[in-house]
Amino acid sequence: MHDDPSANPAVPAPDLAQHSEPVTLPTDRRKGCPFDPPAELTQYRDEQPLRRLRFPDGHIGWLATGHSVCRAIMADARFSSRKELMHDPHMDIGDMEMPPAAPGEFLHMDEPQHGRYRKLLAGKFTVRRMRLLTERVEQVTADHLDAMEKAGTAVDLVSAFAKPIPAIMICELLGVPYQDRNSFQEQAATIFNSDNLDDKMAAYTAIQAYLTQLVAAKRTEPTDDILSDLTESDLTDEELIGVGFLVLAAGLDTTANMLGLGTFALLSNPDQLAALRSDPSLAGQAVEELLRYLTIADPMLRVALEDIEIDGRLIKAGEVIVVSLQAANRDPAKYPEPDRLDLHRKAIGHLAFGHGAHQCLGQQLARVEMSVAFPALLTRFPTLRLAVPPEEVPLRANPGIYGVQSLPVTWDKE
Amino acid sequence: MAVTLTITVDRDRCVGAGMCALTAPEVFDQDDEEGRVVVLDTEPAPAHQAAARHAAGLCPAAAITVTATDTTTHQQ
Ligand code: HEM
Ligand code: SF4
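Residues numbered from 1 in each chain as written. Chains lettered and ligands numbered in written order. Predicted model: local features only at pLDDT ≥ 70, side-chain atom pairs only at ≥ 80, totals over all residues. Heavy atoms only, no water.

Turning our eyes to something else, we now look at the site of ligand 1. Residue and element names in this part refer to chain A. Surrounding ligand 1, one finds 28 residues, the nearest of these being His114, Arg118, Arg302, His358 and Cys360. Interatomic distance of 2.9 Å between a side-chain N/O atom of Arg118 and an oxygen atom of ligand 1. Between ligand 1 and Arg302, the relevant distance is 2.7 Å, taken from an oxygen atom to a side-chain nitrogen or oxygen of the residue. Mapped by element, the contributors of at least two residues to the shell around ligand 1 are α3 (113–122), α11 (237–253), α12 (255–267), β6 (300–304) and α16 (363–380). Of the residues in the shell around ligand 1, the class split is 19 nonpolar, seven polar and two charged. (Near = heavy atom within 4 Å. Polar contact = N/O pair within 3.5 Å; in protein donor to acceptor, adjacent residues only side chain to side chain. Helix = DSSP H or I, 4+ residues; strand = E, 2+ residues; numbered from the N terminus. Nonpolar A, V, L, I, M, F, W, Y, C, P; charged D, E, K, R; others polar.)

Below, the structure written as structure tokens:
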């Protein structure tokens, strides 16, 4: 797509002759543009969809920002996900070595190890099975909307709505008692967000202890859930704990951010909000567009296992590539007027769930949750609006999963 | 012109992401054990051909192959 600049005159042809200096990864979004990728990032994409990147530890790797090159890299098994081979694009971790994936942490493994875990789980997250959960999602959503109505005319939408709905769903699916989720969520947040290594270790140990006891309970008294089913596979306790941790953490911290940030985006685009409210059948398509527009999980890391030529450049074995899904999903070569939220566009083909062998395992669950929750919220509260000026909505700084920390909203009593 | 589409899948490559069952539910499903693709209709009717092609393009594992044959027969 990039070699046909005539398709979109706004995109300058990449000048491959010009060997530009390595850049550093832009992470700061412009003030007042909470939904847009950092301006330098999209500028780099428009100049050169694949370019050299300097990591904080001095490693010279690559930054991929164009849709077609990002998709190609994610699809190619010669680009590894192994954690111990990575360089951190956000900070210099000094002499500390990145540990290899813990048992069960298949997100950071390659084939064949990755596939062994993935196939044990994929059958539990199929399109058909997730659709069967629609009614349950509707019920959980209605319960939370009822509670919001009872609470008055203002809430923090993150704690009243965005967080609990996906949390209940993933806890029920996995078989985690719901009352345990708060401490789990807190500890997971410490592991992912804290700068304090001791706190991180303490939280990690606590989660391990909790999951150890949970897995033991499922072995002795299996219940009707995924974790119990997995005790019948050949996975060891250690592996079950790793799988449980990965799936629970992914389930608690992803859709929640889409619901929070997505509502913020809709409230900031009144015409789009009105379109969805007047036509709830738009929900499926709207969810794809919100996924594209917000691309909350970013960036991805891959490392070349051998010398690989791609997009006219030679990536050498051992070089790390930062794959910027958010830049790719705003690529004008793929989407006309990419920076416009347009719920009527065909956004499918976006990379918000990744691509290739690691493409999101929970995507069909996330789709059902969002296509139920967004329209239900808008229909229940026709006057829903922000309770603070948009620039006061606190944004998450967490590199990894973007979102709002809280979303103060209000509405008129009927 | 009548075109017959023939769908073949490489189940070993499939990672069970479900893009196919989402995009062309009349043509693809997933099994309950490993979530891998199941072809419901190896020669989809014209109404489902566009969706089947689209699904093949979206599959994250390039596990779906669509072959088109022109089956136009001369009118007697
Ligand atoms: C809208 C919400 C979500 C987004 C944007 C999202 C995004 C992603 C992305 C981009 C990846 C690919 C990672 C990579 O290639 O390195 C991924 C993988 C994964 N996601 Fe999600 N995700 C979401 C919801 C969920 C949910 C609800 C679950 C719960 C089951 C989940 C579980 C996983 C798992 C287990 C993986 C690893 C898959 C593998 O390595 O094979 N995700 N997700
Ligand atoms: S889209 Fe591809 S990987 Fe996903 S279930 Fe279908 S065939 Fe398998």
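What the three strands build is an open sheet, ordered β4-β12-β10 (chain A); its pairing is antiparallel. Among the strands making up the open sheet, the edge pair consists of β4 (154–156) and β10 (385–386) of chain A. (Pairing = 2+ DSSP bridges.)

Below, the discussion takes up the site of ligand 2. In the vicinity of ligand 2, the contacting residues are Cys14(B), Val15(B), Gly16(B), Ala17(B), Gly18(B), Met19(B), Cys20(B), Val37(B), Cys59(B), Pro60(B) and Ile64(B). Its residues assigned to classes, the shell around ligand 2 shows nine nonpolar, two polar and no charged.

Moving on, we get to the sheet that holds strand β9 (residues 320–323) of chain A. Residues and elements named next belong to chain A. Spatially, the five strands line up as an open sheet ordered β1-β2-β9-β6-β3, and their pairing is mixed. The sheet is open, and its two borders are formed by β1 (50–54) and β3 (79–80), each paired with just one other strand. Across the sheet, helix α2 (residues 67–75) lies against β1, β2 (60–64), β3, β6 and β9, angled at about 125° from β9, the strand it touches most. (Contact = heavy atoms within 4.5 Å. Axes fitted to C-alpha atoms, helices over the stretch in contact; angles between N-to-C directions.)

Residues and elements named next belong to chain A. Within this structure, the stated rule accounts for five aromatic pairs over all chains. Consider the rings of Phe35 and Phe264, whose centres lie 4.9 Å apart with planes at 65°: the pair is edge-to-face. A residue pair is termed long-range when its members are at least 10 positions apart, and Phe35 in the segment before α1 (39–47) and Phe264 in helix α12 qualify at 229 residues. Note on Phe106 and Tyr117: the rings are 6.0 Å apart at their centroids and 15° apart in plane angle, and the pair reads as stacked. Taken together, the residues span a long stretch of sequence, with Phe106 in the loop between β3 and α3 and Tyr117 in helix α3 at a distance of eleven residues. By relative accessible area, which is 5% here, Phe106 ends up buried. Among the residues examined, Tyr117 registers a relative accessible area of 5% and is labelled buried. Counting every residue linked through ring pairs, the aromatic cluster contains Phe35, Phe264 and Tyr293. Sitting over the ring of Tyr402, Arg29 keeps its end group 3.7 Å from the ring centre. Its guanidinium or amino end placed over the ring of Tyr335, Lys334 lies 5.9 Å from that ring's centre, counting from NZ or CZ. (Phe/Tyr/Trp six-rings, centres within 6.5 Å; stacked < 30°, edge-to-face > 60°. Buried < 20%, exposed > 50% of the residue type's maximum accessible area, 1.4 Å probe, protein only. Lys NZ or Arg CZ within 6 Å of the ring centre and 35° of its normal.)

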